Amino acid sequence: MNKILYFLIPYITLSTFNYEFAKEAVTYSTPFVFNLIRYITSAIIFLVLGGKLILSKDILFLSAMTTTSSVLWAYGLLYVSPAESAVLSYSMPLFAIPIALLIVKENPSPYELLGLGIGFSGILIYSIPLMKGSIGLGALITVVNAIFWAGFTVYYRKLKDKDPYDINASQFILGSLLLLPFAPIGFGIKLNTFFIDGIAYTSIIGGALSFFLWNMLAKLERVAKLTVMTFSVPIFSTIIQSIETYDLPQLSQVLGISVMFTGILISRLGKGIKKKLQAKRNKILLQEK
């Protein structure tokens, strides 16, 4: 667990701010151009670090799902706030668990399922006020993005024996090629400090580094456990947005976030409870002997 924390804590911290910076960047560019810049930048970083292009069916699937997720995430941000995008994106665990069961044969524990169910019910409670008009469309797009995010997370897990620099270099090179034909659609960039700050953060810190951390986490931890552990990202994103805008979230959103946090605690405490019960059983067996 300690090794996981070296990747998990920075991932949560960096991802919390990624939604704010991405919102700034897509406000002044199109989603395809925004992601093309991110992917080219990330590809260069991983190539410089020694990553190599590898081609296989799994890598192609990974690249397609990563790219689709990124584009849908950016389109969703045109309609919803950064905090709303973060919360809705974290419907991802609902889809990751069945996909992981099918592709990498990982069975979730009862505590992980309970934590996931409670955490996801918190997302549903949070989302109720959003389901109307253009915000509702953005919410739907963001949830579909979560399906593809779940898919590439499972493929990260499936490819855990591969070099992470090679995997990320490959997915960003192939992703750039996938994005390139669509970049001219509604092409537009408005250069200002908001766009530059947003694209810099989401390309380097929220792009290459965050993808690398997520890749490493997927190598170290089963999908069910990993996805529930990261429910804290939308919680922190909502708190930060409230502080910045002086606009408190609605009661249903506060309730939803509270339920999500409860899900995290249950999924994590379950492991400790299981260890304590096993220790008691072992003690009883020793006494009987």
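Refer to the structure printed above.
What this report covers is the structure whose coordinates are included nearby. (Residues numbered from 1 in each chain as written. Predicted model: local features only at pLDDT ≥ 70, side-chain atom pairs only at ≥ 80, totals over all residues. Heavy atoms only, no water.)

Residues F187, I189, L191 and I196 make up a contiguous nonpolar surface patch of roughly 420 Å² in combined accessible area. Its place among the elements puts I196 in helix 9 (residues 193–220). (Patch = residues over 30% accessible without salt bridge, like charges linked within 9 Å, V, L, I, M, F, W, Y side chains within 5 Å. Areas by Shrake-Rupley, 256 points an atom, 1.4 Å probe, with all protein chains shown as cover. Salt bridge = Lys/Arg side-chain N within 4 Å of Asp/Glu carboxyl O. Helix = DSSP H or I, 4+ residues; strand = E, 2+ residues; numbered from the N terminus.)

Let us look at the side chain of N168. As for its position among the elements, N168 is in helix 8 (residues 164–179). Only 3.0 Å separates the side chain of N168 from the side chain of N215, close enough to count as a polar contact. Sequence-distant contacts of N168, that is, excluding residues within four places in its chain, are made with F46, Y156, F211, F212 and N215. (Polar contact = N/O pair within 3.5 Å; in protein donor to acceptor, adjacent residues only side chain to side chain. Contact = heavy atoms within 4.5 Å.)

Taken as a whole, this structure holds two salt bridges when the rule is applied. Between D166 and K52 there is a salt bridge, with its nearest N and O atoms 3.4 Å apart. Here the residue D166 occupies a position in helix 8, and K52 occupies one in the loop between helix 2 (31–48) and helix 3 (57–77), the gap between them amounting to 114 residues. Assessed through its relative accessible area of 49%, K52 is described here as partly exposed. Between D58 and K158 there is a salt bridge, and its shortest N-O distance comes to 3.3 Å. (Buried < 20%, exposed > 50% of the residue type's maximum accessible area, 1.4 Å probe, protein only.)

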